Amino acid sequence: YFSDVPQAPPDGILKLSVLSRADSDPAKVDLGVGAYRDDHGKPWVLPVVREAEARLAADPAFNHEYLGVGGLPALTDAAQLLILGSDSPAIAQRRVYTIQTISGTGANMVAAVFLNQFKRPADAAVYISKPTWGNHRSIFETAGHVVREYRYCNYDTLGLDIEGMLADLRNAPNGQIVVLHACAHNPTGIDPTESQWQQIADVMAERGHFPFFDCAYQGFATGDVDRDAYAIRLFVERGFELLVAESFAKNMGLYGERTGCLHAVCKSADVVPQVSSQLNRLSRATISTASAYGAKIAATVLQDPALYQQWLVSMLEMSRRIKTMRDALRDRLVALGTPGSWDHVSNQIGMFSFTGLSRTQVAALRDQYHLYMTDDGRISVAGLNSHNIDYVAKSIDDVVRN
Ligand code: PMP
């Protein structure tokens, strides 16, 4: 039975972390995994998360019971406000349904299965950006969709190919499903400006496309949760029905606790019972109920005004450290006279930088310098720190010259 199962293609990121883990050279720098690290290269438990955990531990009513099928209401309610804004008319009009999911990946998968069952037209394809987070294609294809790409990155300038993107969305048949990164595009770190988002919304409205926002970095891109939700709120304001996948992995540092939500913004409150019943059914069939511990931590942080404020400060600290590292890498490469232009490293946003290094250069950095990044030249800027930045810049300089 099993001998007929074909080998699955390897997952680039997972393969990279195996290689990196096996490398015990003291010079090793892991710029692969998309997880925040402090200036000593260590994972960081946010102080508000520690505080929320202490409160949960001290609560005599704490238990490990199942959550309800929709998740923890204290989290789903707070997550709605965070994504759509506390003054959101859609929330006031009760036309938003939120279900707790297994972090952002689970939210993508629930959305993908839901859309495959109910998409209109029934032959609509899913359009993902070129490039995108490696898992998007896999998730949407696994759910049964035909996946196509729209242009996104201009590989010469390492900026946004807005003309290409708009043309591809305009030339697609009406009513396609379009996956958009709400902020801090992974892997490129290139986000549309506000006016470019307006152009994207115009074309999507014109063509009747359905927006699916993947929001894995709210607060991480600019340190400002409202600014990072600009695109989502713009589309809601424009009257689109849409889905939003929200992850608390990065912005709250809850990676392994698998904490996230899927939001469905509907045209009217009348359709919420239909949509919510189907999302609940799907979730019940796949995970039964979502994870409780991370949800309780996130809800505690989001609902307590003092903890919430402290959380914003921590996000600012993370995004500032990343920005400092971007500038530091750019400055060092410029000072070394490394051939090429490096401003994009500084201008890109979020956790990643799309360096423009070639596959051969990436391989040389890995094999000769113990420096790990994905084959497409993406680095997790959070892996840089004051102790390894000189080594990283010098190594890049060496391989670019050779
Ligand atoms: N979407 C994007 C664009 C991401 O970068 C990530 C994290 N790498 C996710 C979704 C999902 O992450 P998680 O399941 O850990 O929340």
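Predicted model, so just to flag it, every value in this text is computed and none were measured. (Residues numbered from 1 in each chain as written. Predicted model: local features only at pLDDT ≥ 70, side-chain atom pairs only at ≥ 80, totals over all residues.)

### Notes on the overall build of the protein
Move 1: In terms of regular secondary structure, the protein is built from 16 helices and 13 strands.
Move 2: For 402 residues, the compact-globule estimate of 2.2 N^0.38 gives 21 Å, and the C-alpha radius of gyration of the protein, at 21 Å, lies within 12% of that figure.
Move 3: With the principal axes as the frame, the protein shows a C-alpha extent of 65 × 60 × 55 Å.
Move 4: Within the span of the protein, comprising 402 residues, buried residues form 46% of the whole.
Move 5: Counted over contacts in the protein with a minimum sequence separation of 6, partners at least 24 positions apart contribute 76%. (Helix = DSSP H or I, 4+ residues; strand = E, 2+ residues; numbered from the N terminus. Rg over C-alpha atoms; globule rule 2.2 N^0.38 Å. Buried ≥ 20, exposed ≤ 12 C-beta atoms within 10 Å, placed from the backbone. Contact = placed C-beta atoms within 7 Å.)

### Some remarks on the domain arrangement of the protein
When the parts of a complex come together, some accessible area is lost, and that lost area is often used as the size of the interface.
Move 1: The domain boundaries assigned to the protein delineate domain 1 (12-44 + 320-401) and domain 2 (65-303).
Move 2: Distance between the C-alpha centres of domain 1 and domain 2: 29 Å.
Move 3: Contacts between domain 1 and domain 2 engage 19 residues on the former and 19 residues on the latter.
Move 4: Counting residues per element, the ones that place at least two in the side of domain 1 that touches domain 2 are helix 1 (12-22) and strand 11 (352-354).
Move 5: The biggest single contributor to the side of domain 1 that touches domain 2 is strand 11, with three residues.
Move 6: In terms of residue class, the side of domain 1 that touches domain 2 is built from eight nonpolar, eight polar and three charged. (Domains from an automatic or database assignment. Nonpolar A, V, L, I, M, F, W, Y, C, P; charged D, E, K, R; others polar.)

### Brief notes about the pairing of strand 3 (residues 126-130)
Move 1: Most of strand 3 sits out of view: four of its five residues are buried.
Move 2: Note: strand 3 against strand 4 (residues 147-151), five bridges, orientation parallel. Across the sheet, residue Tyr 127 finds its bridge partner in strand 4, namely Arg 148.
Move 3: For the crossover that starts at strand 3, traverses helix 6 (residues 134-142) and ends in the parallel strand 4, the hand is right-handed.
Move 4: Bridge count for strand 3 against strand 7 (residues 177-181) is two bridges, and the pairing is parallel. (Pairing = 2+ DSSP bridges. Right-handed = clockwise from strand over helix to strand, strands pointing away.)

### Quick word on unusual backbone geometry
Move 1: That bond from Lys 130 to Pro 131 is cis: its omega, 0 degrees, falls within 30 degrees of zero.
Move 2: Among the secondary structure elements, Pro 131 is positioned in the loop between strand 3 and helix 6.
Move 3: The omega torsion of the bond from Asn 186 to Pro 187 falls at 15 degrees, within 30 degrees of zero and hence cis.
Move 4: Tracing the chain through its elements places Pro 187 in the loop between strand 7 and helix 8 (194-207).
Move 5: Of note in the backbone geometry, Leu 158 takes a positive phi value of approximately 55 degrees without being a glycine.
Move 6: Within the secondary structure layout, Leu 158 lies in the loop between strand 5 (153-154) and strand 6 (159-160).
Move 7: Judged by local crowding, Leu 158 falls into the buried class, with 22 C-beta atoms found within 10 Å.
Move 8: Phi angles above zero are rare outside glycine, and Ser 288 is one such case at about 65 degrees.

### Thoughts on the nonpolar core
Move 1: Ala 111, Ile 232 and Ala 298 are the most contacted members of the largest nonpolar core, which has 117 residues in total.
Move 2: Here this core spans two domains, and each of domain 1 (12-44 + 320-401) and domain 2 (65-303) adds at least three residues to it. (Core = buried A, V, L, I, M, F, W, Y, C linked by C-beta atoms within 7 Å.)

### Some thoughts on the packing of helix 5 (residues 103-118) against helix 11 (residues 272-286)
Move 1: Orientation of helix 5 relative to helix 11, taken along the N-to-C sense of each, is 120 degrees, at an axis distance of 10 Å. Of the possible angle classes, the one that applies to helix 5 and helix 11 is oblique. The handedness of the crossing between helix 5 and helix 11 comes out as right-handed. Of the residues in helix 11, those touching helix 5 at Val 110, Val 113 and Phe 114 are Gln 278, Leu 279, Leu 282 and Ser 283. (Axes fitted to C-alpha atoms, helices over the stretch in contact; angles between N-to-C directions. Parallel < 35°, antiparallel > 145°, perpendicular 65-115°, else oblique. Left-handed = near helix turned anticlockwise from the far one by under 90°.)

### Some thoughts on the site of the ligand
Move 1: Of all residues adjacent to the ligand, which total 13 residues, the nearest are Ser 103, Gly 104, Thr 105, Ser 247 and Ala 249.
Move 2: The leading source of residues in the shell around the ligand is helix 5, at three residues.
Move 3: Considering only residue class, the shell around the ligand consists of four nonpolar, eight polar and one charged. (Near = placed C-beta within 6 Å.)

### Remarks on helix 13 (residues 305-336)
Move 1: Taking 1.5 Å of rise per residue, the 32 residues of helix 13 would be expected to cover 46 Å, and the 47 Å separating its terminal C-alpha atoms lies within 8% of that figure.
Move 2: Looking one or two residues past helix 13, Gly 337 carries a phi angle of roughly 70 degrees, positive in sign. (Expected span 1.5 Å × (residues − 1).)

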